[in-house]
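What follows is the residue order along each chain.
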Amino acid sequence: MSELSEATGADAGGGPLVRRMREFGTTVFATMTKLAVDTGSINLGQGFPDTDGPERMLERAAEAVRGGLNQYPPGPGLPELRQAVSDHRKQWYGLAYDPDGEVLVTVGATEAISAAVLALCEPGDEVVLFEPYYDSYAAAVSLAGAVRRPVTLRVDAGRFTFDPAELEAAIGPRTRAILVNSPHNPTGTVFTREELEAVARVCRERDLIAITDEVYEHLTFDGVEHIPLATLPGMRERTVMISSAGKTFSVTGWKTGWVCGPAPLVAAVQAVKQFLTFTSSAPWQTAVAYALREEMEWVARQRAALEAKRDRLVAGLEEAGFGVLRPSGTYFVQTDIRPLGFEDGLDLAGRLPGLAGVVAIPTQVFYDRPSRGRAYVRFAFCKRDEVIDEAAARLRALRG
């Protein structure tokens, strides 16, 4: 790494990186994945599957490449994908979005979130989000020159939830938007209708925009229902609804996402997005359009397989001595490390490759107030069964 590259990390001090981004260095996912490679450990840190999505969808992408679909697609996205997204929203949630103006294709959900925050928040505006949060949220808010107002999810009755009074208290005169992620990464919580109604109430009463990250929308377990915030009364007209193909179809590397919402909000997001990446990969778009129409039965099977993998890893973690919080969705299990005699998840995550040959993610890095997540470590279960079993066997060494 060059001296210039080193100077732009989180410890850059007075280096060339703009002040508002100096708290952000290399992402924890890159750091822990590198640690897994360097130590030969099993990587249960970063949330990507180690198997591919539906075969026919993959073939569609290859056919598109060979068939010459290799130049810029339209800025808003291929019409066939925008139509497929619109039809999907209608079929699954009863939400009608015009594919010409109310649907925008993005380079994954991460770009969609960043473009939405940049488009809709002025410097000094406040954005409410739930901590722990996916790390790109904080960076997007800082890029916009806005201010984070975190509401902490706390464990109650075996799941992470929030206090509606704390949500109310976080809203101030400069609050512009609330960023909601459900199913929630990194906790695995799926917000209930009652919880979402509390969010909707403050949005309506305080005239807030909701930006919703719903990339795990089809990956819920035990019959738990995902309820889009936009389906609640008075919310469609103030919600920027974001999802992607990566988690639904196990193609995280394709980075194909979308935004749905009222035309003025989507136009604002597109105005920013066009100067970030302009457009996104045409071959993936046509393949995802096919999958949204034809491969939802595959998704149902994948959901059942992931539920079984969750149970497999939960059993292994409990046997190893962790306190385990069984998730209702996503790829991730949160564990309490205190029953094993550890107190600091950041310290344990750094030592875990040496102690057990496994890599996990310390949850405290997803908080504005890290002490509130110090006792937790996140493991991913979107892996082959034999990988989960080997990781569980290695982790049992911690009990000794």
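Residues numbered from 1 in each chain as written. Predicted model: local features only at pLDDT ≥ 70, side-chain atom pairs only at ≥ 80, totals over all residues. Heavy atoms only, no water.

As recorded by an unreviewed UniProt entry, the protein carries the name Aminotransferase and is attributed to Microbispora corallina. Turning to the protein, the UniProt record has this under Cofactor (unreviewed entry): "pyridoxal 5'-phosphate". (UniProt positions renumbered as here; feature names shortened; annotations may be inferred.)

**Q** Please explain the sheet that holds strand β7 (residues 175-181) as it appears in this structure.
**A** Whether parallel or antiparallel, the strands of a sheet pair through hydrogen bonds between backbone atoms. Read across the sheet, 7 strands follow the order β2-β10-β9-β8-β7-β3-β4 without closing on themselves; strand pairing throughout is mixed. Strands with a single pairing partner mark the edges of an open sheet, and in this sheet they are β2 (103-106) and β4 (147-152). Sheet twist, expressed as the average angle between the axes of neighbouring strands with direction ignored, equals 20°. As paired elements, strand β3 (residues 126-131) and β7 share 4 bridges and run parallel to each other. Directly across from valine 128, in β7, lies its bridge partner isoleucine 178. The strands that helix α6 (residues 135-143) touches are β3, β4, β7 and β8 (209-213); relative to β4, the one it contacts most, it runs at about 150°. (Pairing = 2+ DSSP bridges. Helix = DSSP H or I, 4+ residues; strand = E, 2+ residues; numbered from the N terminus. Axes fitted to C-alpha atoms, helices over the stretch in contact; angles between N-to-C directions. Contact = heavy atoms within 4.5 Å.)

**Q** What's the story with the state of the cysteines in this structure? I'm lost.
**A** Working definition of a disulfide: a covalent bond connecting the sulfur atoms of two cysteines. Tallied over the entire structure, the rule returns 0 disulfides. Looking at cysteine 121, it has no disulfide partner, and the nearest cysteine sulfur is the one in cysteine 203, 12 Å off. Sulfur of cysteine 260: no disulfide; nearest cysteine sulfur belongs to cysteine 203 and is 18 Å away. (Disulfide = S-S within 2.5 Å.)

**Q** Got a minute to help me understand the packing of helix α2 (residues 28-39) against helix α13 (residues 345-356) in this structure?
**A** The description of two helices packed together rests on the angle between their axes and the distance between the axes. Running from N to C, α2 and α13 point in directions that differ by 20°, and their axes come no closer than 10 Å. Classified by the angle their axes make, α2 and α13 are roughly parallel. Classified by chirality, the crossing of α13 by α2 is right-handed. Where α2 abuts α13, its residues Met32, Leu35 and Thr39 lie against Ala349, Gly350 and Pro353. Taken together, the residues of the contact of α2 with α13 break down into 4 nonpolar, 2 polar and no charged. (Parallel < 35°, antiparallel > 145°, perpendicular 65-115°, else oblique. Left-handed = near helix turned anticlockwise from the far one by under 90°. Nonpolar A, V, L, I, M, F, W, Y, C, P; charged D, E, K, R; others polar.)

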